[in-house]
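Fold and geometry: a report
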Amino acid sequence: MSGCGAEKGLISIDEALTLIQTQPKTLTAETLALGDSLNRYLAKAVYSEVNLPNFSQSAVDGYAINCSLDDLQNASFKLNGEIKTGTVSELPLQQNHAIRIFTGGKIPEGTTHVARQEIVILESADQIRLSEHIKPHADIRFTGEEVQQGQQLADVGQKINIGTLAALSMAGVQSLDVFCKPKVAVVITGDEVAKTPEDLQSGKVFDANGPLLKAWFKDYGQDVEIIHIADTAEQVSACFEQLKQKYDVIITTGGVSVGDYDFVRPCAFETGFQQVFWKVKQKPGKPLFFAEYIQADGLHHCYLLGLPGNPAAVYVAMQIYGKALLDALQSQTQTLQWFSATLTHALKPDARERFLRMHAYFENGQLKLQSLAKQQSHMLSNLMQANCLVRVPSNIQLEAGQQLSGLFIQN
């Protein structure tokens, strides 16, 4: 069992998450057209402009009828024209009369039932008969039965997904007040990073963190600027000094531990950032650093999330903490959506709580977990099979059949 988890000063995963979700100051709001609001978070509650349906309408293609009989089977009705969807009949429907109507068509005054066309027998050009009995109000959608005009549809903090957008559009909503997206810069540190194959000299490695983070932010729906800098205090400080005025979030990779060339933390202090926390009792990603810069007038805040340089640690930290930070800036602080699943094999204990990349699958109606090889923080190849991160408690020998909490990962 590794002993490094016993290091003093480390905070728990839950403590780190709470600080990231509660420390940030929510960004201001802007008004966008409904169609431009996908994946944004509401800054103001939304109310329906209309009743849904806005008028009583037919739920089927069939016939609107006016009848007071208790049993309609074999009842005959005089047929008087038709109502197409989008048109209106100005005349009320008389007793024992019927009118052809189509799905969504406005129900004429006097209608007691709508008979679907499958049970209607056309006896002549102006006479129909029902082959079955139907109950009163059958296949009528009544005004406001789904939503009443003025009814609240969505609350502050709700995310506008495709379904929400469609529902709001049907309710007559044209624009929304949403929280502004954070302005984000990603700083890739490290003299060892090769940008091109031609740069791949002895001692250098290809850049995984830059493409990883660019793709992660694209999937989140967030624009991001990616900057590569050398491992010098001068470059790191100059970068922070420039970015802190322009951006709401700075994400760094590398340079947050205690090595001779780990300049992120001291340079953050030098440029006015205040530490919120440093080091989390977790694996991978122990030297996680979170700090805040507040402009002198108090109007602008910039948050620095310093990630380790190993790409697996970067990936895990973004899934857990990066998303939490971006969400919090948009007034979204809901807890992560953990699922419970059954472990299919034993796991040795570790002194730190771990996030292991695993594959979750259903077998005989039960969600099961299979861990993957090559879990070290510098390894990424198992992400081609992983579909979840599983939270593994510290200092516990786990056996097959035990339940663990997992988080389906953002692809």
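This report concerns the structure included in the present document. (Residues numbered from 1 in each chain as written. Predicted model: local features only at pLDDT ≥ 70, side-chain atom pairs only at ≥ 80, totals over all residues. Heavy atoms only, no water.)

So, the pattern of salt bridges
With the rule as written, the count across this model stands at 10 salt bridges. A salt bridge links Lys 283 to Asp 350, with the shortest nitrogen-to-oxygen separation between them at 3.1 Å. Residue Lys 283 is located in strand β19 (residues 282-283), and its partner Asp 350 is located in the loop between β22 (339-343) and β23 (353-363); the two are separated by 67 residues in the primary sequence. Take Lys 283: its relative accessible area is 31%, and that puts it in the partly exposed class. Notably, a salt bridge pairs Glu 363 with Lys 368, separated by 2.7 Å at the nearest N-O pair. Classification of Glu 363 as partly exposed rests on a relative accessible area of 35%. Judged by its relative accessible area of 17%, Lys 368 is buried. Through salt bridges with shared partners, a single network forms among Asp 14, Glu 353 and Arg 391. (Salt bridge = Lys/Arg side-chain N within 4 Å of Asp/Glu carboxyl O. Helix = DSSP H or I, 4+ residues; strand = E, 2+ residues; numbered from the N terminus. Buried < 20%, exposed > 50% of the residue type's maximum accessible area, 1.4 Å probe, protein only.)

What to know about the nonpolar core
The nonpolar side chains of a soluble globular protein tend to be buried, and buried together. Phe 217, Ile 251, Leu 305, Ile 320 and Tyr 321 are the most contacted members of the largest nonpolar core, which totals 43 residues. For this core, the elements supplying multiple residues, two or more each, are α1 (13-22), β13 (184-189), α3 (209-220), β17 (249-253), β21 (301-307) and α6 (311-329). If you tally residues by element for this core, the top one is α6, at 11 residues. Residues from two domains meet in this core; each of domain 1 (13-28 + 180-329) and domain 4 (339-408) gives at least three. The contact partners of Leu 305, leaving out residues within four places of it in the chain, are Ile 20, Ile 250, Ile 251, Thr 252, Leu 288, Phe 289, Phe 290, Tyr 321, Gly 322 and Leu 325. (Core = buried A, V, L, I, M, F, W, Y, C linked by side-chain atoms within 4.5 Å. Domains from an automatic or database assignment. Contact = heavy atoms within 4.5 Å.)

Considering the side chain of Thr 164
Turning to its location among the elements, Thr 164 is positioned in helix α2 (residues 162-170). Setting aside anything within four residues of it in sequence, one finds Thr 164 in contact with Gln 158 and Lys 159.

Things to note about α6
Given 3.6 residues per helical turn, the α-helix brings residues three or four places apart onto the same face. Bending of α6 peaks at approximately 50° at the position of Met 318. Count one or two residues on from α6 and you reach Ser 331, which has phi positive near 65°. (Bend = angle between axes of the 7 residues up to and from the residue.)

Thoughts on the pairing of β22
Counting buried residues in β22 gives 4 out of 5 residues, a clear majority hidden from the surface. Judged from the 4 bridges that link them, β22 and strand β26 (residues 403-408) form a sheet pairing that is antiparallel. Looking at β26, one finds that Phe 339 is bridged to Gly 406. When β22 meets strand β24 (residues 366-371), the two strands line up parallel, connected through 2 bridges. Residue Thr 342 lies in a different strand from β24, and its bridge partner there is Lys 368. (Pairing = 2+ DSSP bridges.)

Describing the side chain of His 113
Within the element layout of this structure, His 113 appears in strand β7 (residues 113-116). Among the polar contacts listed, one links the side chain of His 113 to the side chain of Thr 112, at a separation of 2.6 Å. Not counting the four nearest positions on each side in its chain, His 113 is found in contact with Tyr 63, Ala 64, Ile 65, Cys 67, Leu 72, Ile 134, Lys 135, Pro 136, His 137, Ala 138 and Ile 140. (Polar contact = N/O pair within 3.5 Å; in protein donor to acceptor, adjacent residues only side chain to side chain.)

Some points on the environment of Lys 283
Remark: the alpha-carbon pair of Lys 283 and Glu 353, spanning 70 residues in sequence, is separated by 6.2 Å. With sequence-adjacent residues up to four places away left out, Lys 283 is seen in contact with Asp 350, Arg 352, Glu 353, Arg 354 and Phe 355.

Observations concerning the packing of α3 against α6
For any two helices packed against each other, one specifies the crossing angle of their axes together with the interaxial distance. Between α3 and α6, whose axes approach to 11 Å, the crossing angle comes to 30°. The orientation of α3 with respect to α6, classified from their angle, is roughly parallel. The two elements α3 and α6 meet at a crossing, and its hand is right-handed. Only Pro 311, Val 314, Tyr 315, Met 318, Gln 319, Gly 322, Lys 323, Leu 326 and Asp 327 of α6 make contact with α3, whose side of the interface consists of Asn 209, Leu 212, Leu 213, Trp 216, Phe 217 and Tyr 220. (Axes fitted to C-alpha atoms, helices over the stretch in contact; angles between N-to-C directions. Parallel < 35°, antiparallel > 145°, perpendicular 65-115°, else oblique. Left-handed = near helix turned anticlockwise from the far one by under 90°.)

Notes on the sheet that holds strand β16 (residues 224-229)
Strand order in the open sheet formed by 6 strands is β16-β13-β17-β21-β20-β18, with mixed pairing between adjacent strands. The two strands at the open ends of the sheet, each matched to only one other strand, are β16 and β18 (274-278). Averaged over all neighbouring strand pairs, the angle between strand axes comes to 20°, with direction disregarded. Here α1 sits on the sheet in contact with β18, β20 (289-294) and β21, set at roughly 150° to β18. Its contacts with the sheet place α6 against β13, β17, β20 and β21, and it is angled at close to 170° to β21.

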